[in-house]
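Observations on the model geometry
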Amino acid sequence: TNLVATGQQGKGYTYVWEVSNIKTLAILETGQKTVCQIAFVKQNGGRALVTIGEDQSVAISDWKSQTVLNKTKGDAADCYHIATAAASLGSTQFLAVGNKFVTFWSLNGRTLTSKKVRSGSKGPGTAKFVSCAQAGNSFYIGCDDGNIYVFSPEENKRSYAISDSFS
C-alpha cells in the first residue's frame, strides 16, 4: 500500500492517506501548531510518523492506532528537513536539520531523547542545513553552500560529530 502523510496549518492535524483511492486512513491530533515536516519511520511497518510543528515541537505517533507516543520541544530555529532510520533493539532514530542546527533524535519505547550534532568549521551555529537523507548506517546532510556532510551515529557516545564535507 502506498501511503502519504500531510500536515495542516493552524491546529496542526496530520492526515495519513492511501494513495490508490485517496482514502483517509488516520487523522492525528498532535497538538502541534501547523505541521511543517513529516516523515514515516521505516520500523514496524511504517506505523510511526514523526512530525515537527511551526512551534518547533517534535511528535512521534503511531498513526494506525492514532496515538501520540511522545511530544517534546525541539530546536528553537526552523526545521527544514527530517530523515528517519530504524535502529537496533527496537529504537527509532531520526535527524532534524535547519538553520544553524543538526539534532539527532532517538525514541526508545516512549522515551524521546535528543543530542546536538557538532562539526568543525561548517556546522551548527554557522551553516544552514537544508536537507538530509539516511542510507545504510549514515545520514547525508546537504548544506546551503553545496557541501554534503556525512553523519554516522555510534551507540553510547556522549556527543556526535559530522565528518568532513565533500562537494
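Here the structure is shown first, and the text comes after it.
So, here is what we can say about the structure in this document. (Residues numbered from 1 in each chain as written. Predicted model: local features only at pLDDT ≥ 70, side-chain atom pairs only at ≥ 80, totals over all residues. Heavy atoms only, no water.)

Here we take up empty space enclosed by the protein. Inspection of every chain in the model, using the stated rule, returns one cavity of 30 Å³ or more. The computed volume of the largest cavity comes to approximately 50 Å³. Lining the largest cavity are Ile 52, Gln 56, Val 58, Gly 74, Asp 75, Ala 77, Cys 79, Ala 96, Phe 101 and Trp 105. Considered class by class, the residues forming the lining of the largest cavity number seven nonpolar, two polar and one charged. (1 Å grid on protein atoms, 1.4 Å probe; cavity = no way out; pocket = protein on both sides within 12 Å on 5 of 7 lines; lining within 4 Å. Points joined across faces, edges and corners; volume = space filled by probe spheres on them. Nonpolar A, V, L, I, M, F, W, Y, C, P; charged D, E, K, R; others polar.)

Turning our attention to unusual backbone geometry. For Thr 34, which is not a glycine, the phi torsion comes out positive at approximately 45 degrees. Relative to the elements of secondary structure, Thr 34 occurs in the loop between strand S3 (23–29) and strand S4 (35–40). Backbone geometry at Gln 56 places phi at a positive 65 degrees, although glycine is not the residue there. By the element assignment, Gln 56 lies in the loop between strand S5 (48–53) and strand S6 (57–62). (Helix = DSSP H or I, 4+ residues; strand = E, 2+ residues; numbered from the N terminus.)

The next subject is the packing of aromatic side chains. Counting across every chain of the model gives six aromatic pairs. Ring centres of Phe 104 and Phe 139 lie 6.3 Å apart, and the angle between their planes is 70 degrees; this geometry places the pair in the edge-to-face category. Of this pair, Phe 104 sits in strand S10 (residues 101–108) while Phe 139 sits in strand S13 (residues 138–143), and the two are 35 residues apart along the sequence. Neither residue differs from the other here; Phe 104 and Phe 139 are each classed as buried. Seen from their ring centres, Phe 139 and Phe 151 are 6.2 Å apart, and the 25 degrees between their planes marks the pair as stacked. Of this pair, Phe 139 sits in strand S13 while Phe 151 is found in strand S14 (residues 148–151), placing the two residues twelve residues apart along the sequence. Here the two residues Phe 139 and Phe 151 agree in accessibility, since each one is buried. Within the aromatic cluster, the residues linked to one another by ring pairs are Phe 104, Phe 139 and Phe 151. (Phe/Tyr/Trp six-rings, centres within 6.5 Å; stacked < 30°, edge-to-face > 60°. Buried < 20%, exposed > 50% of the residue type's maximum accessible area, 1.4 Å probe, protein only.)

On to the sheet that holds S5, then. The strand order S4-S5-S6-S7 describes an open sheet built from four strands, whose pairing is antiparallel. Every interior strand has two partners, whereas the edge strands, S4 and strand S7 (67–73), have only one. The mean angle between the axes of side-by-side strands here comes to 20 degrees, regardless of whether they run parallel or antiparallel. As defined by bridge partners, S6 adjoins S7 across six bridges and the pair is classed as antiparallel. Across the sheet, the residue bridging to Ser 57 is Lys 73, located in S7. (Pairing = 2+ DSSP bridges. Axes fitted to C-alpha atoms, helices over the stretch in contact; angles between N-to-C directions.)

Once that is clear, we can look at the environment of Thr 51. Structurally, Thr 51 is set in strand S5. Judged by its relative accessible area of 2%, Thr 51 falls in the buried class. Between the C-alpha atoms of Thr 51 and Ile 82, which are 31 residues apart in sequence, the distance is 8.9 Å. In contact with Thr 51, not counting residues within four places along its chain, are Thr 14, Thr 30, Gln 32, Val 35, Gln 37, Ile 38, Ser 57, Val 58 and Ala 59. Here Gln 32 takes part through its side chain, which lies 2.7 Å from a polar atom of the side chain of Thr 51. (Contact = heavy atoms within 4.5 Å. Polar contact = N/O pair within 3.5 Å; in protein donor to acceptor, adjacent residues only side chain to side chain.)

As summarised here, the arrangement of the three strands in space is S1-S2-S3, forming an open sheet in which the pairing is antiparallel. In the strand order of this sheet, the two ends are held by strand S1 (3–7) and S3, each with one partner. Looking at each pair of strands side by side, their axes are set apart by 20 degrees on average, direction ignored. Sheet topology note: the strand S2 (residues 13–18)/S3 ladder contains six bridges and is antiparallel. The residue bridging Thr 14 from the neighbouring strand is Leu 28, located in S3.

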